[in-house]
Every structure is written in structure tokens, then in C-alpha cells.
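So you can see what is in the structure, the chains are spelled out below.
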Amino acid sequence: MIFGVLSSWNKSELMIPPLFFNYGYYKMVYTVKMEDPSFQPWMKFQKSTQTYIKIIKSPLNIMAVENAVSRFTRGIGQDMILEPVKFSSDPDWPDTKNFTVSYRCKKLGETWPNSSTAQPVTPKGPLSTGCFGYGPGLLDNPDDYLLVTGYQFTDFNTTYELEVTIQKDTRTATTTTEVVIVERSVPIVNIRCTDVALCPSREGIVYVNPSYKLRLVSECISSCSSAPLAFKWVMSDAGGVPFAVTTTHFPLGVNRTDLSVDVSFFKDNPTVTELRLAVDVTDTTGAVGSSSFLLRLNQPPALGNCTFQAPATSRALIDLFSIECQGWSDPENVGVRGYKFILAKNGSLDKTLAELLHGTFDKYSTQLVLPSGIFDIVAEISDVWGAFYRITLASSLEVVLPTQEELASVNTTELIASLTSSGQSSLLTMVLAAQSDIMAKASWEQLSAAATANLSQEAIDQLVIAMADKNNAALDSLLETTNFNSLSSLESASGSLSTLMETVSSSPTASKTIDLSAREKVVTLVENMVAGLDNIEIPTPEMLQSFAQNILTAVAGISMGTADVNADTKNCSSASPADMKNALNMDYDTSLPDDINFEVPTDLATSQRCSIQDKTKGATADQAPRMDKALESLSKSILKKLVVGEEMTITSPNGMEMKMALLEGDALKEPLTLGSKGSSITFPENFCPTGCSAPLAVSAKEWPGPTHPYAGNAMMLSPNGRVIEIDLFTRNLDGISVSNLETPITLSMTRDPPRQPPPEPEKVNASGASAEQTYPVMYTTFNVSSEGLSVNVEITPKCPEHRLFVMISRPRLPTLRNHEIFSMVVDIPTKRNGTYDWFIRSSLINGTGRFFVGVGEFKKDFDPKLMSDPTANDVKNDVMTNVTCDYTMRVFTAGCFYFNTKEKSWMSNGLEVVYADSQRTTCEATHLTSFGSGFIVAPNTIDFNYVFANMGFDDNLTIYITLIISITIFILMMVWARLKDRKDVMKLGAAPLPDNKVEDKYLYEMLVFTGNKKEAQTDSTVQFILSGNQAETDVRTLGDDRRKILRKADVDVFILAVSRPLGSLQFLRIWHNNSGKGPNASWFLSYIVFRDVQTGEKYEFIANQWFAVEREDGKIDRLLQVAGEQEKTAFKHLFDAKSTKNISDAHLWFSVFLRPPRSRFTRCQRVGCCFALLFLSMLVNAMWYGTVTEQPGTGGLQFGPFNLSPEQIGVGVMSNIIVFLPSTVIVLLFRKSRPRKLRKSRVQEAVERTRRQAAKVSNPVPRGKDVESEGNNTSEDKISPQNENKKEQEEEEKKKKKKKLTLPWWCVIIAWILVWVCIAASCFFLLMYGIQFGNTKTTKWVTSLIISFFSSILFVQPLKIFAMAIFASLICKSGDLDVDDADEDEEDPDLQYDETWLHSESNGKKPKVLHKEADSVLLKVLRERRQRELEMYMILKEVFSYFMFIWVLLVLSYGNRDPNAFFLRQTLTQNFIHEGLGDSTDFSKVSNSDELWSYLQTGLLSNLRLEEYYNGQPPYGLKGFFNDQCNRIMGYATIKQIRTKLNTCRVPEAMKFISKRCSGYAGASMEDEDDYCENWQRPTNLTRNDSSCQAAEFKHTSALTLASMPVWGSRDWYGAGGYVIRLQGSSKSILDRFTYLQKHKWINEGTRAVLVEFSSYNAQVNLFGTVRIMAEFTPGGGITPSYRFDGIKLIQHHDNFGLFVIICEASFVLFVLYYTYREISLVCKDKRAYFTSYWSYAEIAIIIASYSAMILYGLRYFATSKVLDIFNRTFGNGYVSLQYAASLDAMYGYIIAFIVFVGSLKFIKLLRFNKRMGVLSATLALCWDDLQGFMIAFCVSFVAFSILFFLLLSAFLVEFSNFIGTVETAFSMMLGKFNFDEMKEANSLTPMMFFIFVLCNSWVLINLLLTVIIKSFEEIKHDLKKQPDDYVLVPFILERFKALLGIQQAVQIAPLKTTAVTVPSKDADNVKELPDKVDKFVQFLDQMYFGGKLQQGKEGLKGSQNDTVRAGWYGELQEKSQYRPSQ
């Protein structure tokens, strides 16, 4: 009956709970058996004994009114009710109340009649006797209760006695209750004892034990509205005489609702055996209600004796002490319960040693094993009702500690095992307690730091292991033998546990003797012991004091030990050696922990230690709530036995304290103290959470150290700090939540320095060190690790008189002018024993990081009050003196934190440290739990004292390197600029035209502006004819023998000399001879400006056209008309010219490299301006760096999304003043300062140059002579008076000519001084700011500065220049484009004058100057030749560039793929699919939900976690790895379910009787996204908060939360969200979760897909693995399994080729940009014709795909970076989804493949000059129309057959189950891949249809296709006109290649030469026209008579002309038109 039923069935003491047996006799057999593994089955060593017991009926427990109140008062209008059935009970059958009840009533003093006649209760009878006017006697009341109103009684102010009798079977019980009826309504009050066991009721009499303190509670339950009520307790004897009220007897007084009667009352009144205890309640009307108890004292056992015998040696643990008791009896004859033997020690609570239960023996004896010490031995003899008698058996008994040798003689291990097996639990607990006592006191077994100082670590570890084994054995014995249903057994066992845990709490090393298993055993014992209290009657809380102390000691020991084990979180060195011993036998959880900051160690020993630490944390996370729950239950057990006003404090020896108090609602005004160190809790005034009139229960605990060490941030708590925990309850022990208090609660928590002493103060020899420093301040540093910490600075000066001060700053050293906190040492308010303790609140600290403390000393004459504002008071460093006083200093931080049980983390919100010192921390809390904009912005200031004291290079690396690099670049650029300036001098001046004549004296300055286009320059010879209204020039040639001319974007200045003025210029005919090589044959002319040197008039000829045979209209000869005002101010012309000029001159940085040579603003000056501007900008940036917030305040300006605060505007204004004012002045000085000496006139220089050149070839012409041209005679140059007048007039005009404003030459010197001053000053202050900022802040500043600098140069400034050009072109329309500094910097030219210039010719004819235009046919040939040449270069360039592009692309595409990806995919498939095994692990065979659950449990989970090695050892260091030991999971796996909504399809009406619910396919729009309860039940308002509706797996998770993407499956399209199972935690917990979900039908008919998703990383091959295992549920039933494994390479640049890959990627981007520009140019050039070519679309496709690839690459990069950031930040433990990154990688790969494919096809175009490739493309072009028709016919036929096959076979074969699959299968059939047998079996029509399909598609249509192509090919092959002629470029390319190698000479087209002939007469003109007329005549003859066949003859005729040169090269060109090599 009891085997396996009772928990004590196999223990030495059998505890049978009440109501276990029925009435009758029972046989009890006790068997002792010896067992050993070596015994054979037939060997049985056992012995049994037996006895018999009889179970009899218990007396009925009768109670007429609640709590057995014996007397109460009622008014005439109040009801009196007796309810004996309700309140009485049958102890044997508590739930059965079939009582028979009878009532009798009489007045007090009347006698009961003998009559058994029942009298009515109502109406009132005629008599005055009895209760109701019928006399005393039996009442006629058939109900179970008696309800009577006061007016029904006969008299008022009378006491009535009511007797109630209940009967059940043969048992009867009677009780009497008195009621006093008064005339008015009174408060109805109820009284009760705090515990039923304190006041047991027996047959209507309430017994109390004089051994216990009596506690009663009164409560007004009706008529209580006349408040306040006055309570008064009255204690009287049986005769009604009240006892005197004393504080000793009644410690809480008698005027409260609750009453406490001390034990001393019964000791002082030993003769009292019966008492009446009443409470009177008086309301404001004077009405008094009363209730009272009639109490009878239960007398303790007496008449016996006990003897104690101690051995002579009295050694602890070894010796036995004997006790014998006899002769004891109980006066009430209820029986003696037993004998308890107690160890009493002064200052400590009693400890129970053993207990003997009283039985039928005459004598009772036992033996004791005692710990060492001096104490008393006390015997406590108790009766069954709890009264006890105590006698002292031995006083001041001394038990000595055995020696090491004596202890070695006793095998305690065997002794414990023997006692355990024999069931001697009492002796066992004593042995265990004694053993623990010896371990704590014996020097050879101590583990304190002092005791182990001389031991090696190995010896210490061995000692720890030995003690851990003892502790485990002791705990096993306690678990096995402890009877948890006996208070004495609990006291004894908890005492042994307490002694053990007190020992292990003595030091961090000793705490390691409690290993993982022991810790769990302790927690289990604590739980079981506290839970055992529920089955034990405990009348008074004092009985729990000793037990509670023992429990506190055990719990505190566990908490302290766990904190010690988790102390070292980095190396895990604090793991217990005992656990390390068993590490190889432990389970190693390879799953990743929830702590995302966990770093997996790789060292084996470290892995084992960290695994132990993890297990400890994990166990603590489970054990801590269990211990908290046990302590809460224990505190509630005590609280419910207290009365209002009482408190009980339990203190453990190892420093934990728990205080429980039941207080008045307003009693929290006084601080609640905790512990001997003085921790306290002070509540705010009027703090009444339950109302100030209702009682409040308080439970407060002070832990000796940090709790909850498993929390990730537990290390923030000080190891010495204590933790306070406080809970508030109502009187009924319901919890009270306190939060968001307006007035905070003050918590004062002490530290415990003995366990881990604080650091000693640092001694500072300031008097010596300060004198050696430049800055006499002593610095130290400290760190603030988290927000909310306060700081204490303790300083102890060694001299009495001093003027020391302390200052603090962050993040730089504090100085007198720059600090955050300052104080004189003598002004620090707190001083103890000469130490000044400066407390700084967290609000003043305001931040985290590194802080500096500086200590200095002021001179005696300095007033410290000036430090209130040192800057305003101009406090300087000279007020300090060297520190003359040495001191000690200690800096520490303090903080307050509370433990958030939901977040499982220590937090500080709602807490603030208000005071702290080395002993305590005081905080303010607003909750309860476990606590352990102006316009002018001032710039950044510079503290020079700090800067000069911290100018070290290593500490300020960034600013030093920045300045060094900047200055170095400045110097190098100055050197380069100086060299370029020297070269620019050569470009100054004007070049005389090479065909100028010395005798020509009229000069024109000619400015030729070459355009800024690609290949705009030319090497061809440029000639022109300039025409005016008076004359025109001969053919003139541009040239300069000193330098190359006509360069791109260049301005060339020439001097044109003519014999006489040309008048107003009108036309300019200009051309070139195309003699340049390659692109230099062409020329782009922007415009030409002619300036009449003599008159200053300007003429502008605007071209903006190409002179090129291959560009635009192909012309190289153009006639330009002089530009009018409209042409000169045209927008396009002005914008092009202005933007080009501004970029080269106005952009300060660009102009350094593009500076116009004619500008006086040299390159060196520009470099100086640039760097002055740069350094000023850097300085301004530093001045206001970080001073203006990004968010604008009030008063700002807002422009849409842009905001400007007043501060930002102010900073901008001041910055511009500082930067642009000096830089503008410098630029102005450089630009406007004229040279110190003017250069010689360029015109004069050109004239002199012409004369020198002429002098080399002939005699110099005499000065003053003029040679007339065109046959005129020379004459002496005589200056006539008219000439002299003209010259004077010209000189006067030049004087009156307005000059530009210039500055004196010495302004340049001022400008250079300003440059150097700006740079030097900026560098100095930049250095100061850099040091002031610190290296970290400087790095951020420099980074932002560099970005701002380059963005300004490359983007902002060019945009400003273009904007200014647009403004000037549209608004200003200034046409002076040729204005520069040359005129102001040169002398005026000294020119000669001629009389003939004054008058124009009136008689005679102008000479005719003719220019022979190039022949159009000739130009056509040239154009074709040039186009061929360009095409050649273009093709070569295109082929080479495209080859490089494809090569780069192939490198990138190959780098994006890895051969190991296949093997990774193969490995993952084998590990998780197990295809072919056919068992539950084979996913491919899953066909229903049960099999899917089986696969998840066996096939999936077992491979997600690495199991133990083949030798059974755990795989340490491989957390998170799969079973293959190579792939590591990223985060954790998820199982996602996609569900469809209900009723997404309709059930036919005819079938609704079968089912009314229907769910079709899910689809993206029909997916269910609602939250559910278990079994997919919708939550209601009633069930929404139930636990069944809280499962996360039944709640929908969005795609955003999962970071997931939609999935295309075999059956449907599924969204990214779903119902998710997160596979976190241990395998066991996951399997349990699977079982739970399977039980609650997580997969049911609404499931449409289940997806297993996770990611992995393989470091060996640098590949990420993405896994998706999907089971699709079809609405028709069944599962379609599918899976996808991918190996992707997301980290590209980590290896040795990373730089190469980056270069290739950058090259790819450049190529794409190049091709984009090229195609846009072609579109602009060709317009619609561009889109007529297929290759254009191919180019567009490649470009679009390339940009898409770049975008995807960037997205993939950022996605990968985000993933890796999470992975690295969480050490691989956080959830990581690679779906997005993998999708991007896949799309990137697809696009790269597409680009490679199209790019490879493009080689067909690039090889089009190859004849065979040309024929192929021509063939496809020719047959394209036929192919279009064929494709239509083929598609129609193929689709028709596909539909046919789908309709025939869709229901039979999976390949044809859907139309897409049918199309794919039909293609396979065309390729010869099919299963004919399956199709034949599926449908009989299939063979015939298959034959027709093959006949039509494979034979007829395919052969037709080949025929069309072959026909076109033959046609192209035989028709030469249809063949492309691109291949003729091959010989041309070969010829040029050979010429490049020097093998042969290239054919060079001779330059086009023309002659200009001056014809003086009309006859000459006629002669000139003859060749043209002959040409026309020959052409007429050829067309008329020879049909155009005389073309060659015509060329021959042309060859006879005088232009032999032209005919020669033209004939040669025609001869080589087929590009044959010349002979």
C-alpha cells in the first residue's frame, strides 16, 4: 500500500500522512537489505521486523461559530447565526458533513430541563424564562443553522447560553456558545488565532499552549461604519477578574486590532488553567461590540527525567554522547509526543540535534555526535498538542576539535555510507554537521587565502576535489534520509546543510567545493524542505527561526558560490576543479547560447572551464527563481503567523538577512533597517500603498553579495556590494506593485570588504614629483564604465596646513581654466580621520569613459574664490606653486541597479546614487525590486596649459601626421609650380606668322582659340585668307618654330603683318591641309579674334566647328563671317567660352594645373592661396567642431526638408569672415599687382623676331625703308608733317585710353606675407586644437574635413563655376572673352607709320588673291581613307577594351563562384536529407505529418547539433557546429509554417453534410496571419491572457521580423512571414517543444508548407551555406518534399588576392562608365539610326545589366556587412538570416552570367571584319524574316501538342501535372529524353500522339528550319554584293601593324596642297579658267559617247595639269585604293 506511494517508504522513518488509512488493523513490515554489485542473485542479506496498528475513529471537532468564539454581543436588530455544520468537521472525513444537529437555549444561570420536547423559536412565547418565552430547553429547528434576530429573545441586556450537539455514526460532540443581547446595534467583531494550530479546539474548548506566544487577530465584520473604532483586549481568569496589563506580558499593548501575549504571562501565572480573552470594539456612538474566547491551558508533560553522559575526551565527530529519558506523562492524557535534543549556544539560535518519538517503551535513549565548541545540551519533551517542557542536560559542555591523526583514524566516508544505508537519519545529520564544522575549523582542511598561501595550485585543486567529494556524499545522504514531513527532521537536516554551506562560504576557493551537482542538490533540498512546511502544523513563527536561518545560510552560500564561479568571465578560470575533473563525462551543449556576446573558446581547457561556467550560469538561471520562490514561501509562512506590529529578523552566519514585518499602514514612516552593517530602506512620507489604515506585510532581504550572476551585465555589480530585495504584501499576502513614485524610496546598502577588500589608497609623493614637472599638477585617472555611476575621491593630505585643490575633467587633463568639476580639498564636506571624501553624483559625472583627476596647490596669496569663473577672473598658471604636501588618494565608483526579471538583466533606470563612501551606497528609487539656442556660438576654447603639458607625439599622432603631410604637399607643389611657371614664360608673347615680311608694317594681333573637345588639337598646316572692306591678304600660314601650336583648349597669339590696312574686316577663309597624323589631322576651332594693333579695334570670327574630313560635314575649309553683336552674345558661345575660362582661371585648385599663361596670377601664387584657404578652412572647422547640434532649435529657418538654426547661421557668417576675407584679399593682391618691370611689348618682340629671321636669309632691310609688295617700287621712308601729326594723335589717344585698375608691385610681397601668416597661424592653432581634442576626436574631425574638402573641390566649386557661367551668359552677356592681363603687363609697341595708310586707293584695281579649293572627289577619298583609319583604330580599341572588359568580367564571375560550393552543397544534402536510407531520417520519403515530425526529431535535430565524439567525450570548443564538425551554424535554425485562411474554397452543397470547412492553396494573398491559441483556436476576451494562448509558435511572425523573403515552391508561392519555431536551447528542450506542438496539432489541415531555414559558415573554404528544407502540403492530401542547399561566397577580399579583386571591380566600374558615355554619345550622334542595329540593344542590355550588377553588388555588400556585423557583434550567436544576401548574390550571379553571355556573343560583332564571321551574320540577317514565320508555326504546333499532352497525362504523371511542367517535358521529348513506357501505360492514345508529335516537330519543322538557314547561307556565299565588306580592314590593320614593327613603310597620304596665284589682269583670269572648261568638255564627251567609261582617261587629263604634286599623290592614292603595298 505504501511502496512507491509515500515518500518515506524507503527511509528509516515512515511518515504516514493523515487520512491515508481507513479504519481497521494494518500490518507494518520493516525490512533492511544489504546490496552490492558483486553479490550473486541468490545472495540475499536482509532482515525484517513487523508490528500491527489499529486505525480508530477520531472525535468530532465541533464549532458552532467561526473560530470557536465562546461569547459575542448582538443588538436587538442584529442577527445571530449558528452554523455548526459549516464550521464543524469530521477529522477522518473532512469533506463529508452529514451531521445531525440539535440546539438548546437558556438564559445564563438557568438550568436545563429534563424534558426533550422541542420548543419553537418564533413567535415569542408568553414566558419570561428561556430564550424565546418558552423556557429553557430543546429548540425546534430542523435546519443546519440557527438564525435568530435580537428582538426575538425575551429580554435585552441579557446573556443567553446556546448549546449545539452534532452527531455522526456513533460519535457525538457538544459545544456551548454565549450571546449577549443589547438594546442597540453594536459592531460585530470576529476574533481568531493567527494559526489554527496555535488555538486548537477540542469539543468546543479552545486550548492554548503556554510554551508559545499567543497571537490573536480581531476584525470588525459588520456595523463598522461608525469609524474610527476603538479596540480593547481584556484578559481575565475564570472568575472574570482581569489581569494587569504590562508591556512584558502584552508587548504590543491591548488597544490594537491584534494582540500578542508573551510566554512570560503564563510563566508568571502558573496556577492559571483557564482564561477568558475578550475584545471590545467601541464605535463613535458609544456602542460596544464584543467577542471572547474561553481558553484552557494545555499543560506540558511532567514527572519524568532525562540524563546525559559525555565521554572523557569529548571530541567532535569521533566520540558519542548518550541521553536517556524516562517517566514522562501528559496531564491532559492526550499523550507525550516525543523528545527533542537541542544544542544551545549563547548568541545563536538553537539547533536541533535529534528527536525521539514517544511510544510504549519505558525508557528512551539515543546517542549524539557533536561539533566542536562550548554549548548547552537541552532536552525538550512535548505532548501531542504542542506544549513542551525544557530541561538543560549539560551546561557549558566543551567539545574539542580532534587532531589530524585522530580524524584520520575514523573513515568518515564509510561512516556516512553506513549510517545512510542503515537509516539512522538523526545520527547521520549530526555526523554531517560535525564533519562540516571540522572542515571549517581544522587548519589542514581550510581553504582560505592564508591557509593555502604556501600550497601549489595543483595541491589546492586536489584539496578542493576531496572536499567536493565529501560535500556531495553528505548532500546525497541528506537527500536520501531526510524526512521532509517532520519539523524536527527538517531542523536537523537543515542544520547540517547550514553548517556545510557556512563552511563553503568562507572563501572563494572554498565555494568551489560545491560543484554543479552539489549545487543542484542543495537547491533541491531547500525546495523540499520549504515545501515540507505545508504538511506540518506550525503554530508560531518562533518555531521556524532556526529552520529559516539554516535555509538562509544555504541559499546565501549558493548565491555567493555561484558569483565566485562566474567571477572570471574572460578566461573562465574560476571554474570548480571538481567540475573540471568530471568535464569529460559531462554533456556538452553544442547549441549556441542565448547570450549573443558569448565568445566560443578554442583551447580545450578553456572550453571545458567555460562550458562549466555556462552550465553554472544555466543552472543558476533555473535555480535562482526556485530559491527565490522558496524564500518567498518561507517568508509568507512566517508573515501569516505574525500580528500587526510584530517583526522577525533571520540572520545567517554567512551574512544574509531576511526581515519580515506586519505593520500598520502608516508605520513605514520609520526607516526599515537590515543587517548588522546598517543597510536600510526609507520610504517617503505618507507612503501607504494599501491605505494608511490597512496592515502592510513587508519582506526584506539583504544578500551578502551580487545575485543573479547569470545576467549578462552582472559584472557591473561590485563583488563587495550587497543586494537588497524588498516585497510588500497585503494582510492576505497578496503582492503589491510599487512603481513611478513621485517621491523616491531611499535605499542604503553596505559593502562587505572582508570577502574582497577594496584597493588600498595610492600614495603620491607630490612634493618630489611636482617640482620636476613643467605644469605642477599631479594627475591620475579612473574609468566610469556605465551610466548612472557616482564617483568618490578620497584624499588624505599628510600635512595639516595646505592649499590643495582637486579638479576633474573628461576626456582630457583638467587645467585651471578648463575643467568640469573643481573643489578645494578643505572645502570637501565629508572628513573622517583626516581623509576628505568627495562624493560626486552621477548627474555631475554625466557620461562614461576615461576621467582625469588633477591635484595641485595654490600660492598663499591666491584667493580660491576666483575659481568660480577662472576665465572671467583671468586666473593664470602662476597662481600655482609646486605641491609641497604628499597625500594618499583613492578613487572609486558606485552605482545602484535593480534586477529586471522579465529582461533577466540588471538595470539602473529609476535609480540614482545620492551618496556613497567606501562602506555604503545610498540610492533613490522610484520602484521596488531587487536592488543591488543663441545666435553667436562661442568657438572651442584652447587651454594652453593643458596643451603644452600634453604635446607628446605618440598621444597626438593624428594631428601631427595631418600637419606634416599637409605642409609636405604644400612644399612639393610650390616646387612643381615654380618649374611650371618658368615654362609658362616661354608661352608668353606673340609669334609672328612665318610668312610675315619685314617690309610689311601694318600689324594685326591674332588670337586663335582651339576648342576644349576631345582630339581638338591639330598638327596639320593651317592657312587662312583675311578679307576686309579695303583689301585682303594672301594665303597666310599659322606657325611657330619655338613651340607647338593649336593645342586643345589653348590660346595661341600671332602677329599678322600686312603691307597696308585691310579696312574693316569682313571675312576669314581658313583651312588646313590634313597633314597631321591620326587624330591630329583634324582641328576644332572655337573662335579667332583679330585686333588692329594700330587702332585697337577687334574683330571676332566664331566657328565652333570641326575642320575634319571624318567629322560632321567633312569640311576642312570654311569661310567665316565676322561676328556681329548677336553672334558674340549667343548663349552657347558665351557659356562654352566662359565655363572653359573659369575652370582654368577662376577655380583656385584646378587653375593651378590649367592656368592661362597670359595671366599674371602665377602657379606659385595660386598654390599659396590654395593652402592658405585650406588651412584657414581647417582652422574654422576646428573652432566650431561639435559646438552646434544637428537638430535646429527654435528661431531657425526652414526650407522644406532643410533647416537652419540661428547657431548654424551665426557659425556660417563667422566662418566666412575668417576664411574668405583674408583669402579674397590675398587673391586680389596677387591678381591686381602689376609687375615691378613691364615686359617688352609682344608685338614689338614679334616684329623684331621677324626681322631677325629675315636677316638670316638676306640682307637686312634698312630701317625707314619700305618695300612695296606686288611690284611696287621702293622709295625712301620720309615722315611728312601729316605723318607726324597722325603719330601725335595716336600717342594722345593711347594716353587717354583707360587702363585697368592695378596695384603697386609691392602688394605681391604683402600677399605673400599674408599667405605665410595665415598658414603659420592656422598650423599653430590647429596643433593646439588637435591636442585639446585628443587623438580620437581629432581623427573624427580630420575624417570629416577630408570628405568636406574633396566634395567642395570636385562638386561644389565646379557647380558654382558653371552657375556663374550660366548667369554671365544669360544676364550679363559680356563678350570680352579675350581680355587678360597681357596688355597691362607689357610696354606699348613702338610702330612705324606710312603715308599710304592714311588714304584708301581711289584709282586702280585691287590685286586678286585666289585660293584653289580641294577637289570634292579628292576630299571624298580622303574622308573614306580617314574613316577607314578611324574605324581601324576604333575596332582595335574596341576589341582591346572589350577583351579587357570581358577578362575583368570573367575574373569577377569566377571569383564569385567557388568549386567547393558543390561539395558543400553535397555535404549539407547528405547530412540533412539522407536520401536513400528509407528510414525516418530520409526527408525525401516524408509523406505525412507524423513522418515529418519524426524527421524533425531524428533527421534534422540530431545533425544540427554536434554529438559526442566516437570515444564518448564531449566536443569541447565546437559550439554551434554541425555533426560534420566543419560547418558552423549562424545563430539558430527556424521552422516556419505557412497556413491558409479558413474557408478559402467552397464545399459543394451536396457534400456539406460531410464537411463545411474548406481550405485551398495558400497563395500570397490567402495566407493566414492571425494569432491563435493551442490547437489553432481563436482567442476570445476570456482566453486571450490564458497560458494556452501565449505559445509563440501559434502567433504569426512578420517577414520584417524574420528578415525573410518569399519562396516559390513546387506547388505554390509562399510569403516570407509565418508561424515560427525557433530551435534555440538544448536538444532536450527542443524535443520537448516538438512533443508539445505535435500534441496540440501545430501541423493540421490548415498547413500548406513547413520550411526549415538556417545558414552556416565553413571557414575552411570561406563559404556560407544557406539551407531551405520544405514540405508542401497539398489540399488534396500528402506532402511534396523539396530542398535547396546553396554555397555562396560573400566575403570576397580577405585573401592575398583581395587587392587584385578590388582593382578588377574598380576597373569594371570604369569600363561600364566608359561604355555608358560611348553609347550615349552614339545615341546623340546617330539618333534613331542607333536603334536599328541588334548590337545596340546588346550594348544597352550589357550596360543596364552592369548597372544592375553594381547595384546588387552594393546591396549584397551592405547586406553581407550587416550580417557579418551581427555575426561578429554576437560572436555568431545572434539570429542571422542570409536569405536576403543569398538572393542578392544569386541575382548578382545571374546578371554577371548574362553579361558574360551577351558580351561573349558581342565578339561576333567585333570580329565582323573577318570574312567568315561576316558571312554568318549576313546569313542570319538574310533569313530573319523567314525565321520569324517559322517560329510562329513552330510555337503554334508545340503549344498545341503541349496542351494535348497536358490534357491526356496530367492526372497520371507528375511531369505533366501542370502546364509549365508539360512544356518542359515536351522539350525534353524533342531532345530524345522521355519515358515512353510510363506514357503508354497512362493513356492508350499517347503512342499515336507521340508519333505525330515527333513527326511534326522533330522531323518536319526542324528540317524546315535547317533548310531556311542553308538556303540563305548559299545565297550569301554566291552573291558577293550581299557579303559584308568589313573584312577589307584586315589587310589595312596588318599593314599598319607591320609599319609599327618597322617591317615595311606605311602608305602615307600626302598632305593637301593648294596654290594661291595673284592674277594682275583679266587675261590671266581667263587663262586660269581654261583647265576647268577643258574638264567640263571631257566630262561631256564621256557621258555622251562613252557611257562614263573614260573615267580613267579623265584622271589622266587631270594629271596633265600644272599641279603635279596634287596629281602625284592623288594618282598614288587611286592606285592603292585596294590597299596593296607600294612597289
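All of the points below concern the structure found in this document. Keep in mind it's a predicted model, so treat the numbers as computed, not measured.

## Examining the sheet that holds strand β42 (residues 887-894)
As a general point, the strands of a sheet are linked pairwise by backbone hydrogen bonds and lie either parallel or antiparallel.
Part 1: One open sheet accounts for five strands, arranged β33-β42-β35-β39-β38; its pairing is antiparallel. The open sheet has two edge strands, β33 (762-764) and β38 (830-832), and neither has a second partner. Sheet twist, expressed as the mean angle between neighbouring strand axes with direction ignored, is 25 degrees.
Part 2: Here β33 pairs with β42 via three bridges, running antiparallel. In the sheet register, Lys 763 faces β42, and the bridge partner there is Thr 888.

## A short note on the nonpolar core
Part 1: If you look at the biggest cluster of nonpolar residues, it comprises 180 residues, and the most contacted ones within it are Leu 82, Phe 153, Leu 214, Leu 368, Leu 370, Ile 377 and Leu 497.
Part 2: Per element, the largest residue contribution to this core is eight residues, and it comes from helix α10 (residues 545-565).
Part 3: Those residues within four positions of Leu 368 in sequence are excluded, and the remaining contacts are Phe 308, Asp 319, Leu 320, Phe 321, Ile 323, Leu 353, Ala 354, Ile 377 and Met 430.
Part 4: Grouped together as the second largest cluster of nonpolar side chains are 41 residues, Phe 1472, Trp 1493, Ile 1529 and Val 1650 included.

## Focus on the sheet that holds strand β32 (residues 745-750)
Part 1: Taken in spatial order, the five strands of this open sheet run β27-β28-β32-β46-β45, and their pairing is antiparallel. Looking at the sheet topology across the chains shown, the edges are occupied by β27 (672-674) and β45 (911-916). Pairs of neighbouring strands in the sheet enclose a mean axial angle of 20 degrees, with direction left out of account.

## Things to note about unusual backbone geometry
Part 1: Residue Pro 123 is bonded to the preceding Thr 122 through a cis peptide linkage, with omega at 0 degrees.
Part 2: Within the secondary structure, Pro 123 sits in the loop between β5 (100-107) and β6 (137-138).
Part 3: The phi torsion at Gln 1525 lies on the positive side, around 65 degrees, for a residue other than glycine.
Part 4: Looking at the element boundaries, Gln 1525 is found in the loop between α28 (1489-1504) and β61 (1527-1529).

## What to know about helix α7 (residues 487-504)
Part 1: With 18 residues, α7 should reach 26 Å at 1.5 Å per residue; the first-to-last C-alpha distance of 25 Å fits that figure.
Part 2: Of all 18 residues in α7, 17 are buried; the element is thus mostly enclosed.

Calculation criteria
- Along each chain, residues carry numbers from 1 onward, in the same order as the chain's sequence is written.
- Residues qualify for local features only when their pLDDT is at least 70, as the model is predicted, and side-chain atom pairs are given and counted only at 80 or more; totals for whole chains, interfaces and linings, by contrast, use all residues.
- The basis for every side-chain value is the complete set of heavy atoms in the structure, and neither hydrogens nor water enter the calculation.
- Strands were regarded as paired on the criterion that DSSP finds at least two bridges between them.
- Secondary structure elements follow DSSP: runs of H or I of four or more residues count as helices, runs of E of two or more count as strands, with numbering from the N terminus.
- Note on geometry: axes are C-alpha line fits, over the in-contact stretch for helices, and angles between N-to-C directions span 0 to 180 degrees.
- Side-chain atoms within 4.5 Å link the members of a nonpolar core, which is a set of buried Ala, Val, Leu, Ile, Met, Phe, Trp, Tyr and Cys residues.
- Exposed residues in this analysis have more than 50% of their type's maximum accessible area, buried residues have under 20%, and partly exposed residues fall in between, with area computed by a 1.4 Å probe over protein chains only.
- Contacts were defined at the residue level, with two residues in contact if any of their heavy atoms lie within 4.5 Å.
- Each residue after the first adds 1.5 Å to the expected span of a helix.

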